[in-house]
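Here are the chains, one letter per residue:
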Amino acid sequence: MLVPLSWLKEYVDIDISTEELCDRMTMTGSNVEGVTCIGDGIEGVVVGKILKIDEHPNADKLVICSVDVGEKVIQVVTGAPNVAEGDLVPVAMEGARLPGDVTIKKGKLRGIESEGMLCSGDELNLTDQDYDGAEIDGILILREEYPLGMDIREALLLNDEVMEFEITPNRSDCLSVIGLAREAATTIESTLKFPSINVSPCTGNVYNEVKVMVEDTKLCPRYCARVIKDIKIEDSPLWMRRRLANAGIRPINNIVDITNYVMLEMGQPMHAFDLDKVEDRTIVVRKAKEGEKITTLDDVDRELKTNMLVIADAKKPIGIAGVMGGANTEITDNTNCIILESAKFDGPSVRFTSKRLGLRSEASTRFEKGIDINLPRKAIDRAAQLIQELGAGTVVDGIIDVLNADTNPRELEIRWQDINRLLGLELKPEEMVKILKSLNFGVQHRGDILDIVIPSFRLDIKGTEDIAEEVARIYGYDNIPKTLMRGTESRGRKTKRQKLHDYGKDILVGSGLYEIITYSFVSPKVYAMIDKQMPEVVTISNPLGEDQSIMRTTLIPSMLEVLSRNRNRKVDRCSLFEIGRIFIPKTLPLKELPEERQMLCIGMYGDELNFYNLKGIVQMLFREFGILEKAEFTPITTDTTFHPGRTASIKIGDTYIGILGEIHPKVGENYGLNIPVLIAELDYDTILDLSDTQKYYKGLPKFPAVERDLAIIVKKEVLAAQLENVIRKSAGDILEDVKLFDIYEGDQIPEGYKSMAYSLIYRAPDRTLKYEEVDAIHERIIKELAEHMGAKLR
């Protein structure tokens, strides 16, 4: 919030430097982010009066002005076409400095001496918001009367400093000059001076002018209204326009400026309706009806929802409660009679409406954070007072005040020792009472108890911790003694599952893969890109955009995007993995949280990388997790994302683990990948569940092994794993190991067949095997292979 220092000084006596004030305010919780000096860069510019204008003898477009600057009359040559005798203008004297580090020197223009320069608004770095007419093409003409020779910064109220405060969300009371004045008075131990609010005797009766009905008292616990007649729409006085501009509010006209001034001064948003445009002169505070629309003051048509609170007349909405008024009751130059509104609206309701409509305003910001229930009445009287003082209209007697809330202050009963315990201090209760009273709390000390009456504007105070914070910040955080933390020291450690999770990453990194992390939010279009029908997905209600509008159910599209990005950046070989979550909805629409599963995705491309490289990495992971012997790799041709002849599904027992293989060329083209790309997607949660990393001791063999080779011819579609299963079942326990060492197709092998050679190792744990015994088992294996797999001995 921007606060002019001159405005703050009206309510609190400040006799320290601005720098010290900023430091002390920051230390007590009102963080000052910066200070801006208004009029900085302007020196030696004074108010002057043009006494006489003569033509320049040597130039048609220049004139010679005799200018009275108070102490003397100087001669200034100018080419501005808008000056006239009798005008008051800003005059930069010899040696003056202007914004942009421009220094004015005495000189000659076409042979005629010029002792200074008449200034435009632009040369003084002013806009129409700073002074009306500052942006015209020509010299700035001052409309008010000022002493000649007066410093222009003083005349135009440019000699001020503006403090920018960072207001925390819980301190809605500090979104006002008076709120920050309270803080400043306590911080520097000074006197707080509230503005005297006194509305002069009025005529008429407000109840004869307007009717107010509040239908939703929960969303509007208080609504105050006043009527002002004989409105005179004109510019506000310079002091008000300057203060509004310095506080970041654009001056508009006297009525609108007064409502904005009161909002900044007291923290109460206000609005003025043109009463002659209000149907039946009736104000109704209600929820919007189905299909209702309103054009707001920013000339935008807005469709209202039935849970939005509106201000309406007898027929239509005329304002969005707490957010913005409607254009249909806007104050114009022809306005003669107005209704002033000052109310308390429910913060969450205003926030919902503001967010849903995409419409934020100074008013909505304050209502969202909370308004003092007692403030609307004070603020509307303050606005009426300013209208009277500025002669902007005639105030009709009386206030319509619809109150449906308790205005009694809240009370707390706390133990003062608890405050010391929380803060690590040894303050006496008398010190606490003094601090709290300086913050406008009512406090009574009663033995071990402090009876505290909370000011109605302190909506953030709920319990002992809040009171302790108030004491601490005023006592001074820097005064709290430094102590070491006390407590029982404990050492954190990872669970077995977490260790396994990390071990899996180590295995993959050791295999030459780099870990990536991608967003869980994806585009619905990714399923078409991997040639899949879009499954049921969790849709995000407020996405950043369509590209991040659903929760992913597979990691493959994200992996392909990263591989494509690396390929486009001339990375010739890339091996990556990601362990991330997918989100599977249990029902749609969602009635409970979706199922989250942790998946492992491996992606690779590059020369000499093929299906078996990828399979080898997966097998290594399975081996380290103790599940390789149970893993079954089965070729599949039905998954449209993958190449039909280079893909396998993986099961462990009856449990499906995932898929690995080469991406289908069409899918690769969708991602700009015109090379073979290998992808595996595995259920990492299930892998961790099934893992068995227990190590078992096995002594060295005491008896010799018998090795035999076996070469058989089978059909091409027969899998090595199928043959190995038959061999192991046929051989029984004495078969120690079986390895495939050769696959051959070609001469002497029939078309459609292949030769597969295995090395078999037999060993008994309790005896030396006899050749006859091994021969019998070997023959049984050959017989079973022929019977079940159609194998022939080569």
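Residues numbered from 1 in each chain as written. Predicted model: local features only at pLDDT ≥ 70, side-chain atom pairs only at ≥ 80, totals over all residues. Heavy atoms only, no water.

Novice: It is not clear to me how unusual backbone geometry should be interpreted in this structure. Could you clarify?
Specialist: Residues other than glycine predominantly adopt negative phi, and peptide bonds predominantly adopt the trans conformation. Going from leucine 588 to proline 589, the amide bond is cis rather than trans, its omega being 0°. Within the secondary structure layout, proline 589 lies in the loop between strand 30 (574-584) and strand 31 (595-605). Even without a glycine there, the phi angle at glutamate 608 is positive, about 70°. For glutamate 608, the location among the structural elements is in the loop between strand 31 and helix 16 (611-624). (Helix = DSSP H or I, 4+ residues; strand = E, 2+ residues; numbered from the N terminus.)

Novice: Honestly, the layout of surface pockets in this entry has me stumped. Any pointers?
Specialist: Empty pockets left among the atoms are what a rolling probe the size of a water molecule brings to light. Reported here for the largest pocket is a volume of approximately 1700 Å³. Where the lining of the largest pocket is concerned, the elements lending two or more residues are helix 16, strand 32 (631-635), strand 33 (642-652), helix 19 (720-731), strand 37 (735-744) and strand 38 (753-762). A per-class count over the lining of the largest pocket returns 20 nonpolar, 8 polar and 12 charged. No fewer than three residues from each of domain 5 (496-690) and domain 6 (706-793) sit in the lining of the largest pocket. What the second largest pocket holds in volume is close to 880 Å³. Counting only elements with at least two residues in the lining of the second largest pocket, the list comes to helix 6 (254-266), strand 14 (270-274), strand 19 (317-320), strand 20 (324-325), strand 21 (338-344) and helix 8 (362-369). (1 Å grid on protein atoms, 1.4 Å probe; cavity = no way out; pocket = protein on both sides within 12 Å on 5 of 7 lines; lining within 4 Å. Points joined across faces, edges and corners; volume = space filled by probe spheres on them. Nonpolar A, V, L, I, M, F, W, Y, C, P; charged D, E, K, R; others polar. Domains from an automatic or database assignment.)

Novice: Would you mind going over the packing of aromatic side chains with me for this structure?
Specialist: Here the distance between the centres and the angle between the planes together describe a pair of aromatic rings. For the coordinates displayed, the defined rule picks out 6 aromatic pairs. Look at phenylalanine 611 and tyrosine 612: their rings are 5.4 Å apart centre to centre, the planes differ by 90°, and that puts the pair in the edge-to-face class. What makes phenylalanine 611 buried here is its relative accessible area of 18%. Within the aromatic cluster, the residues linked to one another by ring pairs are Trp7, Trp239 and Tyr261. Lying across the ring of tyrosine 131, arginine 143 places its NZ or CZ 5.7 Å from the centre. (Phe/Tyr/Trp six-rings, centres within 6.5 Å; stacked < 30°, edge-to-face > 60°. Buried < 20%, exposed > 50% of the residue type's maximum accessible area, 1.4 Å probe, protein only. Lys NZ or Arg CZ within 6 Å of the ring centre and 35° of its normal.)

Novice: When you look at the packing of helix 6 against helix 9 (residues 375-390) in this model, what are you seeing that I'm missing?
Specialist: Remark: helix 6 packs on helix 9, axes separated minimally by 10 Å, with the N-to-C direction vectors making an angle of 135°. When the interaxial angle is binned, helix 6 and helix 9 end up oblique. Pair helix 6 / helix 9 crosses with right-handed handedness. Residues Ile255, Ile258, Tyr261, Val262, Glu265 and Met266 of helix 6 pack against Leu375, Lys378, Ala379, Arg382, Ala383, Leu386, Ile387 and Leu390 of helix 9. A breakdown of the residues in the contact of helix 6 with helix 9 according to their chemical character gives 11 nonpolar, no polar and 3 charged. (Axes fitted to C-alpha atoms, helices over the stretch in contact; angles between N-to-C directions. Parallel < 35°, antiparallel > 145°, perpendicular 65-115°, else oblique. Left-handed = near helix turned anticlockwise from the far one by under 90°. Contact = heavy atoms within 4.5 Å.)

Novice: Got a minute to help me understand the pairing of strand 21 in this structure?
Specialist: Put simply, side chains in a regular strand alternate between the two faces of the sheet. Counted residue by residue, strand 21 has 7 buried out of 7 residues, so it is predominantly covered. Residues of strand 21 alternate between two faces, with Ile338, Leu340, Ser342 and Lys344 on one and Ile339, Glu341 and Ala343 on the opposite face, all of them buried. Summarising the sheet, strand 13 (residues 222-229) and strand 21 pair through 7 bridges and their orientation is antiparallel. Bridging from a neighbouring strand, valine 227 pairs with isoleucine 339 of strand 21. Pairing between strand 14 and strand 21: 5 bridges, direction antiparallel. Bridging across to strand 21, aspartate 274 finds its partner in isoleucine 338. (Pairing = 2+ DSSP bridges.)

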